[in-house]
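A closer look at the structure
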Amino acid sequence: LDAIREVLPSVSIHAELGMAEHLTRLLVEGVMQMALVYAPSARPGLHVEQILDEELVLVDAGSGRGESDPVKAVAGRYVLVDWGHEFVQSHALQFPDLTNSGMTLSLGALATQFILERGLAGYLPARAVKEHLDCGAMHLVANAPDFHYPAWVVWRDDIDPAIVQPALTELRKIAAEIDVEQGQILNDLAAMGDGSVQEMSLGKRPPMRPPPSRRR
């Protein structure tokens, strides 16, 4: 938001947080012009571009260091953060013993503070926890796979190019910076184990454009 305000100082910004379905409806209705979502829908009049591969990593804000088995490292303190159907399915295959952890949060990145303040553990975006990792308030759980979670930017086709292009340019710059930071975290995770990180992809979707209208 700061970057967009800087390059588009005359544009009034209204920002809203919501599920993908809600934000998509606002786009279709013309209430909003651009959204960042994890699960885009193909709708006439909307353009979709993958902006980032979010990296979900298992982090611990407690005292689970020293365990080589990630399940044992977070036993009794694990929170299942619901990142959508594909994540829950892949998570169940990787961690059947953690599927019924006793607590599930559908709060996305907002779960970070909850986990941090209570000394718990869970899968969170690397970008959201980097500052906590850097200061030692959280640590990566060794030998835990990371999950690739694609994020998309969606915008209306009728938005003024003088607005959308600078906004997209700033988003791409920020995404590139996040990608570098995430790479550093994955390197740290690999160094804690056997030198490699098991990576799970949560079903990338191809960029979606509405079909061209047919003239009669």
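Everything discussed here concerns the structure shown above.
So, here's what we can say about the structure. Model, not experiment: these values are computed from the prediction. (Residues numbered from 1 in each chain as written. Predicted model: local features only at pLDDT ≥ 70, side-chain atom pairs only at ≥ 80, totals over all residues. Heavy atoms only, no water.)

**Some words on the pattern of salt bridges**
Formally: By definition here, a salt bridge exists when the distance from a side-chain nitrogen of Lys or Arg to a carboxyl oxygen of Asp or Glu is within 4 Å. In DSSP terms, a helix is any run of H or I states spanning at least four residues, a strand is any run of E spanning at least two, and both are numbered starting from the N terminus.
Summed over all chains, the structure comprises seven salt bridges. Between glutamate 54 and arginine 127 there is a salt bridge, with its nearest N and O atoms 2.8 Å apart. Here glutamate 54, found in strand S2 (residues 46-60), pairs with arginine 127, found in helix H6 (residues 126-134); they are 73 residues apart in sequence, far enough to count as distant.

**With respect to the packing of H6 against helix H7 (residues 161-192)**
This is how the line gets drawn: The axes are straight lines fitted to the C-alpha atoms, using for helices just the contacting stretch, and the angles between their N-to-C directions are given from 0 to 180°. In what follows, roughly perpendicular refers to angles from 65 to 115 degrees, roughly parallel to angles under 35, roughly antiparallel to angles over 145, and oblique to any angle outside these ranges. What makes a crossing left-handed is the near helix being turned counterclockwise from the far one by less than a right angle; a clockwise turn instead makes it right-handed. By definition in these notes, contact holds between two residues if any of their heavy atoms fall within 4.5 Å. When residues are sorted by character, Ala, Val, Leu, Ile, Met, Phe, Trp, Tyr, Cys and Pro go into the nonpolar class, Asp, Glu, Lys and Arg into the charged class, and all the rest, Gly among them, into the polar class.
At a closest axis distance of 10 Å, the pairing of H6 and H7 adopts a crossing angle of 60 degrees. What the angle tells us is that H6 and H7 run oblique. Here H6 and H7 pass one another in a crossing that is left-handed. Of the residues in H7, those touching H6 at Ala126, Arg127, Lys130 and Leu133 are Ile178, Glu181, Gln182, Gln184 and Ile185. Here the residues of the contact of H6 with H7 sort into four nonpolar, two polar and three charged.

**Here's the deal with H6**
What counts, and what does not: Accessible area is worked out with a 1.4 Å probe on protein chains only. A residue is then buried under 20% of its type maximum, exposed over 50%, and partly exposed in between.
Among all positions of H6, only Ala126, Ala128, Val129, Lys130, His132 and Leu133 are buried. Glycine 136 occupies a position one or two residues after H6 and carries a positive phi of about 85 degrees.

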